[in-house]
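# Observations on the model geometry
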Amino acid sequence: NPVRLGRISLGWRGGLSLEVNNLAVFDSHDAQGKAVISADRASAVVSLAPLLAKSLQIGSVTIVRPRLEIRQQPNAPVQIRGLNLEDAFQKSRTAEKGAAGGFALMLQEVRVEDGEFRFEREAPEVPIHLTVRHVDLKAKNIAVNQPVPIEARAALFGDSQNVNVRGRYRYSLQNRSHLFDQV
């Protein structure tokens, strides 16, 4: 899919820092030319020392004001419009298999600030069309096929944050299932 990037900055903040402003991903099949994923700013800090041990440790990832659409058709996996999740799952499986003797990936922290996520589930019994606004999310110690502690606040059915969630999220690569526990 076509991608538009604004200003790109490289720096040092306790590790190699990369920041992108005005990020937008477009659906190549959409004639309207509207961004299907966007963010005002995305940044990441990579720790360099773990690279010597074949480990990529991303200290932090921050995404400011992301906007995206999440869809699910009947009897189909969840899709984020503009992303090929099937390809990402295949790469995750490869990373998981190679983690013991290959290259391991870990993210210490991911933050989302003031996000907006639109959910659409087309189902014959009860279709769902829901927009969640002002999403602030923090996830820590993210590794392939491991439980991830999360904290999130969001505005549901209104304009001020009225939902708080804490717990653990786990995605199973084997059966593509999502699990929240200790919520």
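Check the entry above for the structure.
Residues numbered from 1 in each chain as written. Predicted model: local features only at pLDDT ≥ 70, side-chain atom pairs only at ≥ 80, totals over all residues. Heavy atoms only, no water.

### Some words on the overall build of the chain
From N to C terminus, the chain includes one helix and 12 strands. Traced from its N-terminal end to its C-terminal end, the chain shows the element sequence β-β-β-β-β-β-β-α-β-β-β-β-β. Here the chain, with 183 residues, has 30% of them falling under the buried criterion. Considering only contacts in the chain between residues 6 or more positions apart, those separated by 24 or more positions represent 46%. Working note: accessible area of the chain is about 11,500 Å², and carbon and sulfur atoms make up 55% of it. (Helix = DSSP H or I, 4+ residues; strand = E, 2+ residues; numbered from the N terminus. Buried < 20%, exposed > 50% of the residue type's maximum accessible area, 1.4 Å probe, protein only. Contact = heavy atoms within 4.5 Å. Areas by Shrake-Rupley, 256 points an atom, 1.4 Å probe, with all protein chains shown as cover.)

### What to know about a nonpolar patch on the surface
A contiguous nonpolar surface patch, about 870 Å² in accessible area, is contributed by Val3, Leu5, Ile8, Leu10, Trp12, Leu16, Leu18, Leu48 and Leu51. Breaking the nonpolar patch down by element, the ones donating at least two residues are β2 (8-12) and β3 (16-26). Top contributing element to the nonpolar patch by residue count: β2, with three residues. Tracing the backbone shows Leu16 in strand β3. Given a relative accessible area of 36%, Leu16 falls into the partly exposed group. (Patch = residues over 30% accessible without salt bridge, like charges linked within 9 Å, V, L, I, M, F, W, Y side chains within 5 Å. Salt bridge = Lys/Arg side-chain N within 4 Å of Asp/Glu carboxyl O.)

### Concerning the pairing of strand β4 (residues 35-47)
In this structure, β3 lies alongside β4, joined through 10 bridges in antiparallel fashion. When the bridges of β4 are listed, Leu18 appears paired with Ala44. By the bridge criterion, two bridges tie β4 to strand β6 (residues 67-72) in an arrangement that is antiparallel. Bridged to Ile37 within β6 is Leu68. Alignment of β4 against strand β5 (residues 55-64), held across seven bridges, turns out to be antiparallel. Of the residues in β5, the one forming a bridge with Ser43 is Thr62. (Pairing = 2+ DSSP bridges.)

### Looking at the pattern of salt bridges
If the charged atoms of two oppositely charged side chains come close together, the side chains can form a pair. One pass over the full model with this rule turns up 11 salt bridges. Between Glu19 and Arg7 there is a salt bridge, with its nearest N and O atoms 3.9 Å apart. Residue Glu19 is located in strand β3, and its partner Arg7 is located in the loop between β1 (3-4) and β2; the two are separated by 12 residues in the primary sequence. Arg81 is the salt-bridge partner of Glu69, the closest N and O atoms lying 3.3 Å from each other. With Glu69 in strand β6 and Arg81 in the loop between β7 (79-80) and α1 (85-98), this residue pair connects regions lying 12 residues apart in the sequence. One exposure class covers both Glu69 and Arg81, and it is buried.

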